[in-house]
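Fold and contact review
What follows is each chain in one-letter form.
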Amino acid sequence: MLPALLLSIPLGLFAWFALQIGPVATGQLLQVSVPWLPSLGVALSFRLDGLGLLFALLITGIGALVLLYASSYLHDHPHLKRFNGFILAFMAAMLGTVLAGDLITLFIFWELTGLCSFLLIGFDYQQEASRRAAFQALLVTGAGGLALLAGIILLGQSVGSSDLTTILNSGDLLRSHSLYLPILILMLAGAFTKSAQFPFHFWLPGAMAAPTPVSAYLHSATMVKLGIFLMARFSPVLGGTDSWLICLTSVGGLTLLLGAAKAIQRTDLKQILAWTTVSALGMLTLLLGLGTPLATTAAMLLLAVHALYKSSLFLTAGAVDHGSGTRDIRRLGGLGRTMPQVALAAGLAALSMAGMLPLAGFIAKELFYEATLHAPYSPWLITAVAFLGNSLTVAAALLAGYLPFYGTLKDTELHPHQVDLRLWLPPLLPALLGLLIGFFPAAFGRLLLAPAVAQVAGKPVPVELALWHGFNPMLLISVVTLGAGLALFSLRNHFQMQRQSPGWDTEQLYDLLLAGLPRFADMITSYLQNGRLRYYLMIVTGTAVALMAATLFTSSTGTLQLPRPDGSLHEWLTAVIILAGALMATLTDSRLAAVAALGVVGYGVALIYILFGAPDLAMTQFCIETLSIILFVLVLHKLPRFTLLSSTRSRLRDMVIALGVGSVMTMLVWRAVSQPLIPSLSTWFMEQSLPAGHGRNVVNVILVDFRALDTLGEITVLAVAALGVYAMLKPRSGKEGTD
Amino acid sequence: MESMLAVVIGGLYAAGMYLMVRRSIVKMIFGLALLGNAANLLIFTVGRLTRGRPPHVPADGVLSALPVADPVPQALILTAIVIGFGVQAFALVLIKRVYQTVGSDDQDVMVTENQGQEKLGQEEER
């Protein structure tokens, strides 16, 4: 595929979105909706508002740069075309997510981004580390995606619509809804896993197994921001509560510190950048949690600025790797002489990351501090967390953007060389854009930021960005931050020395879970499905009977009224004989006695039929019972004697189960006969038997007339059984008879 | 009398269940037969008992005012008895054939060859 043709897709989209800046800034909302599942009220619908536009510009713009970059970076890779396909598919999924105007549309594109991420992380599928990282990212974000699906369904049902515009207007309804907390937790689970928040942060550094363009695009600039997007999107309706505030600020703050602290302990450029990305995502979560207009503005600005400087730094890391053969900062140095454009890009991006004047990062950091200083609760604690995180970020920025390019080359075996235009232009452009925003913050704020902030805050917020605010507390903290960052940077050897053992992380928990799940499944399977039918029978019958017992006891309206025992002596004797027969059949160790006992039970039941007006049943029962006893006796001498096979313990257990089943059945009958009977069916049969069926024996008329088809089925069953019996009694064929 | 028959039904179910979960497949057949009788008797009893008045229409076609036995459960049971016999006969011949093939009526010993090694370790009665 021609690179120009390929690039025209994201560039064309970028141009189109850029043309929409004006209309969207004036408050227009572009919407397209196609009915999809009309019966469920689901539509394939898209809307372009300020928030979506900001994301769409980042996605298409950085996407174009990454495609250009990859055409050189992966030029000798056998699967470059596959890579381009994945990236374009990912871009489409991302655009679908951020432009979705319907919950279901949003979810489907959300999952598609996770799928594309899986394919791209595992792009070098021949390497085990890549496969493992891809699988890990898929499982973590996939699990979060399931939670998100549940949250979205609850959300849609609470509002009664899956249309985003309707939902965004139902904030008061949702915040006071009884399902608010479950919805919030489920949605946040989706957002936190996607945006690598603690304790799900570990998949993001793992995802660095992907080729560097992928890391730059998916795992810093766009996809990992989807969780932030989700929180931002729903903050007008879910935000503003104490649970929102506490949950987001604590998780965000923790992630911010953890990511920044881990970043300066790494020596691999990509790992440093990955951990600072975790840290930046924590900052964004923290800011969205604060939820003040100021914090929202800071979040949106930081989001854009971070996407620019971080993609630039990732791409320079790739260029360094490409041009020198390593990404280890302990071996690199002085690359500014051999690849000056890359060094320029890295320097500008690192300055923006460190929050230096006059870059966009400076404005973002000032706003960040201003927002934390005006936080709705414990502003000093939150500012302290922000300060610590920012100082570490300054140190990490120096590690990634300064150290490899200045000074002298530490490993003299390396032979760095200049890289071509396609490797240095893509990182330079976003870095320069950061400078441009720093010079023209007001225009950027008015055109792009204000519409996005208005969407997130749920109301128009005046956004007035300026590079210089005069001497104020924020500036003071900024200066101290820089000083602390420089101090940390000078102590880098100390931190990096310490990092010999990997240390504990929630990743171990993931590994434990991953290994434990099949073992648990194995245990359950070998317990419940051990291949012995009688245990299946016990479990199935036991469960059914237990459920029945539970229903019997819970639905009881008052105590069970036992019907008064009545009946004459011969009826009682029959009952006792049946019971004695059953007991005998159970306990005897003689096969013949068991058959006789079975016969006693059968004839006893037939007697009951006679006594209570069922002569047809009795006749059938007598015939059948006789037949089966003959059959038993015929077959029995070919069968082994009864032996005691089970241990006393398992016999006792079976007795308890059997008696439990028996008692529940007894209670069931008691309960059933104490309810009034509605005999309409029987009355109808009694009345219609003679006129309609021309017979006076109603039971017979039912069988051969009213329900004749059933009887035909019954005869068929018998015929099939007879065929089976015949087939099995036939002498074995010669082939089988050899054994 | 219903309350007494309820106890009989419970007893039959208990005995049938106990025999069904024996290791010996021969005992299983006995259990099956007892469970069949128990189920029939349950349907019969739940349809209420009426002494000595079968569901017959008198020759003149005029129904008497006295209650007669319910024909619907009887029709159901009649079918069940016959089907039950079919199942029982089939099962009986089946286990005879199984016994001839495998040489044991103990379910835990009936294993295919490749299962044999695996099962030996688990032979401990649970």
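Residues numbered from 1 in each chain as written. Chains lettered and ligands numbered in written order. Predicted model: local features only at pLDDT ≥ 70, side-chain atom pairs only at ≥ 80, totals over all residues. Heavy atoms only, no water.

1. Some words on the overall build of chain A
Short version of the rule: Numbering of helices and strands runs from the N terminus; a helix is a DSSP stretch of H or I covering at least four residues, while a strand is a stretch of E covering at least two. Each radius of gyration is computed over the set of C-alpha atoms, and the globule rule expresses the reference value as 2.2 Å times the number of residues to the power 0.38. Buried residues are those whose accessible area, probed at 1.4 Å on protein chains only, stays under 20% of the maximum for their type, while exposed residues exceed 50% and partly exposed ones sit between those limits. Contacts are assigned to residue pairs that have any heavy atoms within 4.5 Å of one another. For the accessible areas, the method is Shrake-Rupley and the probe is 1.4 Å, while residue cover comes only from the protein chains on display. When charges are tallied, Lys and Arg are placed among the positive residues and Asp and Glu among the negative ones, while His and the ends of the chain are skipped. One atom stands in for each charge, and that atom is NZ of Lys, CZ of Arg, CG of Asp or CD of Glu.
Scanning chain A from terminus to terminus reveals 32 helices and 2 strands. Whereas a compact globule of 739 residues would reach a radius of gyration of roughly 27 Å, chain A reaches 38 Å, over 25% beyond that. Along the first, second and third principal axes, the C-alpha set of chain A runs to 110 × 65 × 50 Å. Across the 739 residues in chain A, those meeting the buried criterion constitute 53%. For chain A, restricting intrachain contacts to residue pairs at least 6 apart in sequence, the fraction spanning at least 24 positions comes to 78%. Carbon together with sulfur atoms contributes 70% to the accessible area of chain A, which is approximately 32,400 Å² in total. Across chain A, 40 positive and 34 negative side-chain charges occur, with their mean positions spaced 7 Å apart.

2. Thoughts on the overall build of chain B
In terms of regular secondary structure, chain B is built from 4 helices and 0 strands. Mapped from its N terminus to its C terminus, chain B presents α and β elements in the order α-α-α-α. Every one of the 126 residues in chain B was classed for burial, and the buried ones make up 56%. Taking the intrachain contacts of chain B between residues at least 6 apart in sequence as the baseline, contacts between residues at least 24 apart amount to 56%. A total accessible area of about 5,000 Å² is found for chain B, and carbon and sulfur atoms account for 63% of it.

3. Some thoughts on the nonpolar core
Cut-off, in case you're wondering: Within this scheme, the nonpolar core is defined by two criteria: the residues are buried Ala, Val, Leu, Ile, Met, Phe, Trp, Tyr or Cys, and they are joined through side-chain atoms within 4.5 Å.
Within the largest apolar cluster, 185 residues are counted, with the highest numbers of intra-cluster contacts made by Trp203 and Phe234 of chain A. By residue number, the principal contributor to this core is helix H15 (residues 293-324) of chain A, which donates 18 residues. Residue contacts for Phe234 of chain A: discarding those within four places in its chain leaves Leu103, Leu155, Leu164, Ile167, Met187 and Gly239 of chain A. Residues Val601 and Leu639 of chain A together with Ala38 and Val57 of chain B belong to the second largest nonpolar core, which totals 75 residues.

4. Some words on helix H28 (residues 615-636) of chain A
Quick reminder of the rule: What a helix is expected to span follows from its residue count: subtract one and scale by 1.5 Å.
Between its first and last C-alpha, H28 of chain A extends 31 Å over 22 residues, near the 32 Å set by a 1.5 Å rise per residue. If you follow the buried residues of H28 of chain A, they end up packed against helix H27 (591-611) and helix H31 (698-706) of chain A together with helix H2 (25-46) and helix H3 (71-102) of chain B.

5. Quick word on the confidence of the model for chain A
In plain terms, the rule: Values of pLDDT, the confidence the predictor places in each residue, fall between 0 and 100.
Mean pLDDT over chain A works out to 88, with 96% of the residues at or above the 70 mark. This model gives residues 734-739 of chain A a pLDDT under 50, and the stretch forms 2 contacts once residues within four places in sequence are excluded.

6. Observations concerning the pairing of strand E1 (residues 30-37) of chain A
All names here are of chain A. Worth spelling out the cut-off: Criterion used throughout: strands pair if DSSP finds at least two bridges between them.
Across 7 bridges, E1 lies against strand E2 (residues 42-48) in antiparallel orientation. Its bridge partner being in E2, Leu30 is matched across the sheet by Leu48. Following E1, the chain reverses through 4 residues before pairing antiparallel with E2; Gly41 in that reversal takes a positive phi of roughly 70°.

7. As for the interface of chain B and chain A
Rules: Once two parts are brought into contact, the accessible area they lose, counted with a 1.4 Å probe and summed over both, makes up the buried area. When a carboxyl oxygen of Asp or Glu lies within 4 Å of a side-chain nitrogen of Lys or Arg, that pair is called a salt bridge. N or O atoms within 3.5 Å of each other form a polar contact, as long as, within protein, one can give a hydrogen and the other can take it, and as long as residues adjacent in sequence are counted only when both atoms are side-chain atoms. Amino acid classes used here: Ala, Val, Leu, Ile, Met, Phe, Trp, Tyr, Cys and Pro are nonpolar; Asp, Glu, Lys and Arg are charged; the rest, including Gly, are polar.
Taken together, the contact between chain B and chain A spans 87 residues of the former and 103 residues of the latter. Between chain B and chain A, the buried area comes to about 8,900 Å², and carbon and sulfur atoms account for 71% of it. If you look at where chain B meets chain A, you find 2 salt bridges. Remark: the boundary between chain B and chain A carries 14 residue pairs in polar contact (both at pLDDT 80 or more). For the side of chain B that touches chain A, the secondary structure elements donating two or more residues are helix H1 (2-20), H2 and H3 of chain B. For the side of chain B that touches chain A, a count of residues per class yields 50 nonpolar, 20 polar and 17 charged.

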